Amino acid sequence: MSREKILIFDTTLRDGEQAAGTRLDVREKLDIARQLARLGVDIIEAGFPISSPKDFEAVQLLSKEIQGPVICALSRAVADDIDACGKALAGAKRSRIHTGLGVSDIHISGKFSDDKYGKTLEEKKAKAIEMGVAAVKRARQYTDDVEFYAEDSGRADPEYLYQVLEAVVNAGATVLNIPDTTGYAIPDEFGKLIKNIKQRVSNIEKATISVHCHDDLGMAVANSLAGVLNGARQVECTINGVGERAGNAAMEEIVMALRTRKNFFNIETNIESKHFYRTSRMVADMLGIEVAVNKAVVGKNAFAHSSGIHVDGFLKKRETYEIMKPEDVGSPSSKVVLTARTGRHGVRHRLEEMGYHLSTDELEQVYQRFLIIADKKKEVFDEDLAAIINDEIHTIEQTYVLEYLKVVSETDKAPVAEVKVIVKGEIKTATAEGDGPIDAAYQAIREATGVTAKLENYSIRAVTGGKEALGEATVKITENGKIYIGRSASTDIIEASAKAYIDSINRMASAAVNES
Ligand code: KIV
Ligand code: ZN
């Protein structure tokens, strides 16, 4: 029996990147986008071009480099935003502009408070329809594929929502995004909203209905599936469910629910689910947002059985306690072990399996670092390789380079750090005490560089097991209300911590150059 297909619209690089404290570099976006293409997503929302030169550059680069999925860019219902999308997407084989505005009374009265949008709420609502129509018409000058988002549909007056949707379809919108922006909806209610849109919007057959759900009440996936059951044929989601506040609907959960319960949904997707685990790892590593061990589908314990009764039942017959196979989502099973004797070819092969495609020079750089780590550890794991990629390839301009670090820590004495940092080609040295060895190193770096950004958060985690494990340090600093995240990995955790701090201040310097 043939099944109906739904389209998977990935917004990890746009809504996902809006998760508090995250920022992806252009090269990181490219690597994630390649992996998403490999996974088989139908549409990649690459960014919001007007929001920053980096976002513009990322959309432009993905338009040129990514083959297969449609490349989409976000805009408000504003001419300049739409023109920026049109320019950034110019190189794409298949492009989409995603434009729209708020449609709930709360959004309209809040965002359009200025009298220029009308004096009464009714006037403002009429103006919002005009703006939506104009935005869609303008976007259609750049592409035939225009998606309209009716922001905060989950809390909007349904009668007004139907009017907006009808008007934008008449103006040329081909996809209608019904976002539950605040994660307020309940599955039954959200499903009915989609059903009513199908029945009440007179020209609905000219457009595809899309659902875009947030997870504030933990119902993003359930709401998305309720939308699908009631006629939505595109789902917007992110890897690991990353996104604004509590996040977006998790792609791996939606796809695996449709697949595992195909007898119920009778719907399929183009997704090659065996790439989920690696994609999840890549996104977690690059965004610096770890996946909970008990996270459905991609958490480390998602296929781990430990209680006696479960293990016994599982060993006798897998299906007793498992509804999916780990290999269906690419969860690690046996594989080639990487050691100091693994050649370049083996390392390249593993990196490609992980979704990293490197030039010959880049591979050499990673391989040299791999050898240093392989000399210290018996086995190099995928997580070690991901940490090396972060250090060696996903780098940004090095305004500050840590040339030398010495930390002396003795019982009953304050630790002392000595650093040499190259600042724009000039060597700066400093010595400082601190509450602990890492604090001392940070004080010395601050003195050497003159950087005063506030340290908001610091964490260290063992990337893999064993006493020679790589430690990955993550540092969050803020300056003028902006957040910068730095990361670095080393088998020496004090060195990893100092380099992560240097990475964060380099990211801050690079952002300042881009914004100036
Ligand atoms: O949640 C939302 O409403 C959005 C729109 C911009 C599509 O992300
Ligand atoms: Zn959203």
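Residues numbered from 1 in each chain as written. Chains lettered and ligands numbered in written order. Predicted model: local features only at pLDDT ≥ 70, side-chain atom pairs only at ≥ 80, totals over all residues. Heavy atoms only, no water.

## Here we look at the overall build of the chain
Phase 1 of the analysis: When helices and strands are tallied, the chain shows 17 helices and 16 strands.
Phase 2 of the analysis: Over its C-alpha atoms the chain spans a radius of gyration of 25 Å, differing by no more than 12% from the 24 Å that the globule rule assigns to 516 residues.
Phase 3 of the analysis: With respect to the three principal axes, the spread of C-alpha positions in the chain is 75 × 65 × 45 Å.
Phase 4 of the analysis: Residues classed as buried in the chain amount to 54% of the 516 residues present.
Phase 5 of the analysis: Restricting the contact set of the chain to residue pairs at least 6 apart, pairs at least 24 apart contribute 65%.
Phase 6 of the analysis: Taken as a whole, the chain presents about 22900 Å² of accessible surface, with 50% of it coming from carbon and sulfur. (Helix = DSSP H or I, 4+ residues; strand = E, 2+ residues; numbered from the N terminus. Rg over C-alpha atoms; globule rule 2.2 N^0.38 Å. Buried < 20%, exposed > 50% of the residue type's maximum accessible area, 1.4 Å probe, protein only. Contact = heavy atoms within 4.5 Å. Areas by Shrake-Rupley, 256 points an atom, 1.4 Å probe, with all protein chains shown as cover.)

## Comments concerning the environment of glutamate 45
Phase 1 of the analysis: Its location among the elements puts glutamate 45 in strand E3 (residues 43-47).
Phase 2 of the analysis: Beyond its immediate sequence surroundings of up to four residues, glutamate 45 is in contact with Phe9, Asp10, Thr11, Leu13, Arg14, Cys72, Leu74 and His98.
Phase 3 of the analysis: Looking at glutamate 45, its side chain comes within polar contact range of the side chain of threonine 11, at 2.7 Å. (Polar contact = N/O pair within 3.5 Å; in protein donor to acceptor, adjacent residues only side chain to side chain.)

## Structural notes on the site of ligand 1
Phase 1 of the analysis: In the vicinity of ligand 1, the contacting residues are Arg14, Asp15, His98, Tyr149, Glu151, Asn177, Pro179, Thr181, His212 and His214.
Phase 2 of the analysis: One of the side-chain nitrogen or oxygen atoms of arginine 14 is found 2.9 Å away from an oxygen atom of ligand 1.
Phase 3 of the analysis: Out of a free accessible area of 260 Å², ligand 1 has 92% covered by protein chains.
Phase 4 of the analysis: Secondary-structure elements contributing two or more residues to the shell around ligand 1 are strand E6 (146-151) and strand E7 (175-180). (Near = heavy atom within 4 Å.)

## What to know about the pattern of salt bridges
Phase 1 of the analysis: Across all of its chains, the model carries 38 salt bridges by this definition.
Phase 2 of the analysis: Aspartate 55 serves as the salt-bridge partner of lysine 29, at 3.4 Å between the closest nitrogen and oxygen. Of this pair, lysine 29 sits in helix H1 (residues 26-39) while aspartate 55 sits in helix H2 (residues 53-65), and the two are 26 residues apart along the sequence. Taken as a pair, lysine 29 and aspartate 55 share a single burial class, namely buried. (Salt bridge = Lys/Arg side-chain N within 4 Å of Asp/Glu carboxyl O.)

## What to know about the coordination of the zinc ion (ligand 2)
Phase 1 of the analysis: The zinc ion (ligand 2) binds to the protein through Asp15 (OD), His212 (NE2) and His214 (NE2), with metal-donor distances spanning 2.0 to 2.1 Å.
Phase 2 of the analysis: Sequence spacing of the donor residues for the zinc ion (ligand 2), all on one chain, is D-x196-H-x1-H. One end of the pair, aspartate 15, is in the loop between strand E2 (7-10) and H1; the other, histidine 214, is in the loop between strand E8 (208-213) and helix H8 (220-229), with 199 residues separating them in the sequence.
Phase 3 of the analysis: With a relative accessible area of 3%, aspartate 15 lands in the buried category. (Donors = N, O, S within 2.8 Å, 3.2 Å for Na, K, Ca; no water.)

## A closer look at the pairing of strand E12 (residues 416-423)
Phase 1 of the analysis: Residues Ala417, Val419, Val421 and Val423 line the buried face of E12, whereas the alternating positions Val416, Glu418, Lys420 and Ile422 sit on a face that is not buried.
Phase 2 of the analysis: Looking at chain direction, E12 and strand E13 (residues 426-433) are connected through eight bridges and run antiparallel. Paired with lysine 420 across the strands is threonine 429, a residue of E13.
Phase 3 of the analysis: Once E12 ends, the chain turns through two residues before running back antiparallel as E13, passing lysine 424 with a positive phi of about 45°. (Pairing = 2+ DSSP bridges.)

Everything listed here is a matter of coordinates, which is why it stays silent on function.
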